[in-house]
Amino acid sequence: MGDLNGDNRHLTSSPVSTTSGNLSSEDVDNFLPTSLASEELKLALNKEATDDELLKAINRCKNLVLESDQCSVERKWLVRHLIELRLRLQECKEAMDDPQHPRNKSSGVSKRTVRGHHLTLQPLLRSTTSRYCDHCTGAIWCVVQAWYECDDCSYCCHHKCIASIIRECAHVVASERGNYELEICPEIGLSSQKYLCAECKIPMPINREWSEARKCDYTGLYFCSACHWGSSAVVPARVIHNWDLTPQPVSQASLQQLRVTSRRPLINLEQLNPKLFSLVH
Ligand SMILES: [Zn+2]
Ligand SMILES: [Zn+2]
Ligand SMILES: [Zn+2]
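Just so it is clear, the model here is predicted, and its values are computed rather than measured.

Enquirer: Would you mind showing me how to read the packing of helix H3 (residues 51-67) against helix H4 (residues 73-97) here?
Expert: Packed helices, taken two at a time, are described by the angle their axes make and the gap between the axes. Between H3 and H4, the least distance of the axes is 9 Å, while the angle of their chain directions is 160°. Relative to H4, the element H3 lies roughly antiparallel. With respect to the hand of their crossing, H3 and H4 are arranged in left-handed fashion. Touching Asp51, Leu54, Leu55, Ala57, Ile58, Cys61, Lys62, Leu64, Val65 and Leu66 of H3 are Arg75, Leu78, Val79, His81, Leu82, Leu85, Arg86, Arg88, Leu89, Cys92, Lys93 and Met96, all from H4. Across the contact of H3 with H4, the residue classes break down as 15 nonpolar, one polar and six charged.

See the structure below:
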């Protein structure tokens, strides 16, 4: 099983339909248009900017947006900059009410432990990959928003979402459980789940033709779209019983558990399904 366990190619995570921050920072060009180079200083997004400076920059940026040509590179850059300035201002305000906010240099906290996650504050950088908060599913604007990543399972979230984290660290869950779910999609049915998401427990809207509930092929449980992003992974039970390596839709919790265990020698295939060896080379 060495090859399979070491292979992460089938563990994919798809972008989410976000409920907030639909425009990710990668949707527009990262480069500052040369025509705006002289403006950049006035609109500077520096870490030390005060509320007043940010408000001024926001107004200046709004005017420039209105003056710019529709669909131009300048407008795209300015709109993104405007969003970043507003998010920065929002963070400034949130930091005033929250002593642990990382913006507060003297009291801000860079390491947090929540539900088994060892969360480390990430540097404010323009990222080349889109990131989404594992809690609220909103885009993480890495250049302005304080955000954390778990050292053990890569769970990431906004600072503002830390207090509401529901999902246990995949590393802890996998270690406590000790082995994979070995039954193929052990479904108990949506009614047995009382029509609630298996993770966050929100009621799932059900109507006859359409259901928001998403089934996780690994656990057999149903999840809401915030806890199941339509990501797919190779499911161990399907490999053991059917040598089926087709990636299946799984919840984010399952995806993270399968990821942290992908290099652990958990499956004794010879013992679990000896017949497989005569059928598969
Ligand atoms: Zn969030
Ligand atoms: Zn974690
Ligand atoms: Zn949910």
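Now, onward.
Enquirer: Can you help me understand the environment of Leu182 in this one?
Expert: If you trace the backbone, Leu182 turns up in the loop between helix H5 (170-177) and strand E5 (214-215). Once residues lying within four places of it in the same chain are set aside, the contact partners of Leu182 are Ala237, Ile240, His241 and Leu272.

Enquirer: Just to check I follow, could you spell out the coordination of the zinc ion (ligand 3) for this structure?
Expert: Geometry sets the ideal angles at a metal, namely 109.5 degrees for four tetrahedral donors and 90 or 180 degrees for six octahedral donors. For the zinc ion (ligand 3), the full set of protein donor atoms is Cys197 (SG), Cys200 (SG), Cys224 (SG) and Cys227 (SG), at a range of 2.3 Å. For the zinc ion (ligand 3), the four donor atoms are set out with angles of 105 to 115° between them, so the coordination reads as tetrahedral. Of note, the donors binding the zinc ion (ligand 3) are all from one chain and are spaced C-x2-C-x23-C-x2-C. Of this pair, Cys200 sits in the loop between H5 and E5 while Cys224 sits in the loop between strand E6 (222-223) and strand E7 (231-233); the two residues are 24 residues apart in sequence, bridging distant segments of the chain. Among the residues examined, Cys224 registers a relative accessible area of 5% and is labelled buried.

Enquirer: I tried to follow the sheet that holds strand E2 (residues 117-121) on my own but got confused; where do I start?
Expert: Strand pairing within a sheet occurs via backbone hydrogen bonds; the two strands may be parallel or antiparallel. One open sheet holds the four strands; their spatial order is E1-E2-E3-E4, and the pairing between them is antiparallel. Either end of the sheet is taken by a strand with one partner, and the two such strands are strand E1 (111-114) and strand E4 (156-158). Each neighbouring strand pair of the sheet contributes to a mean axis angle of 30°, computed without reference to strand direction. Two strands pair when backbone bridges link them, and E2 and strand E3 (residues 147-150) are joined in this way by three bridges, in the antiparallel orientation. Residue pairing in the sheet places Leu119 in a bridge with Cys150 of E3.

Enquirer: Is there a simple way to think about the packing of H5 against helix H7 (residues 252-261) in this case?
Expert: Direction vectors running N to C along H5 and H7 enclose 70°, while the axes themselves pass 9 Å from each other. In terms of orientation, H5 lies roughly perpendicular with respect to H7. Two packed elements cross with a definite hand, and for H5 against H7 that hand is right-handed. Counted together, Ala170, His171, Val173 and Ala174 of H5 and Gln256, Gln257, Val260 and Thr261 of H7 form the full contact between these two elements. Class assignment for the residues of the contact of H5 with H7 results in four nonpolar, four polar and no charged.

Enquirer: I would appreciate a short explanation of the packing of aromatic side chains in the present structure.
Expert: This model, assessed by the stated rule, comprises one aromatic pair. Taken together, a centroid distance of 6.4 Å and an interplanar angle of 85° make the contact between Tyr132 and Trp229 edge-to-face. Here Tyr132, found in the loop between E2 and E3, pairs with Trp229, found in the loop between E6 and E7; they are 97 residues apart in sequence, far enough to count as distant. Here Tyr132 matches Trp229 in class, with each residue buried.

Rules behind the numbers
- Residues numbered from 1 in each chain as written.
- Chains lettered and ligands numbered in written order.
- Predicted model: local features only at pLDDT ≥ 70, side-chain atom pairs only at ≥ 80, totals over all residues.
- Heavy atoms only, no water.
- Axes fitted to C-alpha atoms, helices over the stretch in contact; angles between N-to-C directions.
- Helix = DSSP H or I, 4+ residues; strand = E, 2+ residues; numbered from the N terminus.
- Parallel < 35°, antiparallel > 145°, perpendicular 65-115°, else oblique.
- Left-handed = near helix turned anticlockwise from the far one by under 90°.
- Contact = heavy atoms within 4.5 Å.
- Nonpolar A, V, L, I, M, F, W, Y, C, P; charged D, E, K, R; others polar.
- Donors = N, O, S within 2.8 Å, 3.2 Å for Na, K, Ca; no water.
- Tetrahedral: all angles 85-135°; square planar, octahedral: opposite > 155°, others 65-115°.
- Buried < 20%, exposed > 50% of the residue type's maximum accessible area, 1.4 Å probe, protein only.
- Pairing = 2+ DSSP bridges.
- Phe/Tyr/Trp six-rings, centres within 6.5 Å; stacked < 30°, edge-to-face > 60°.

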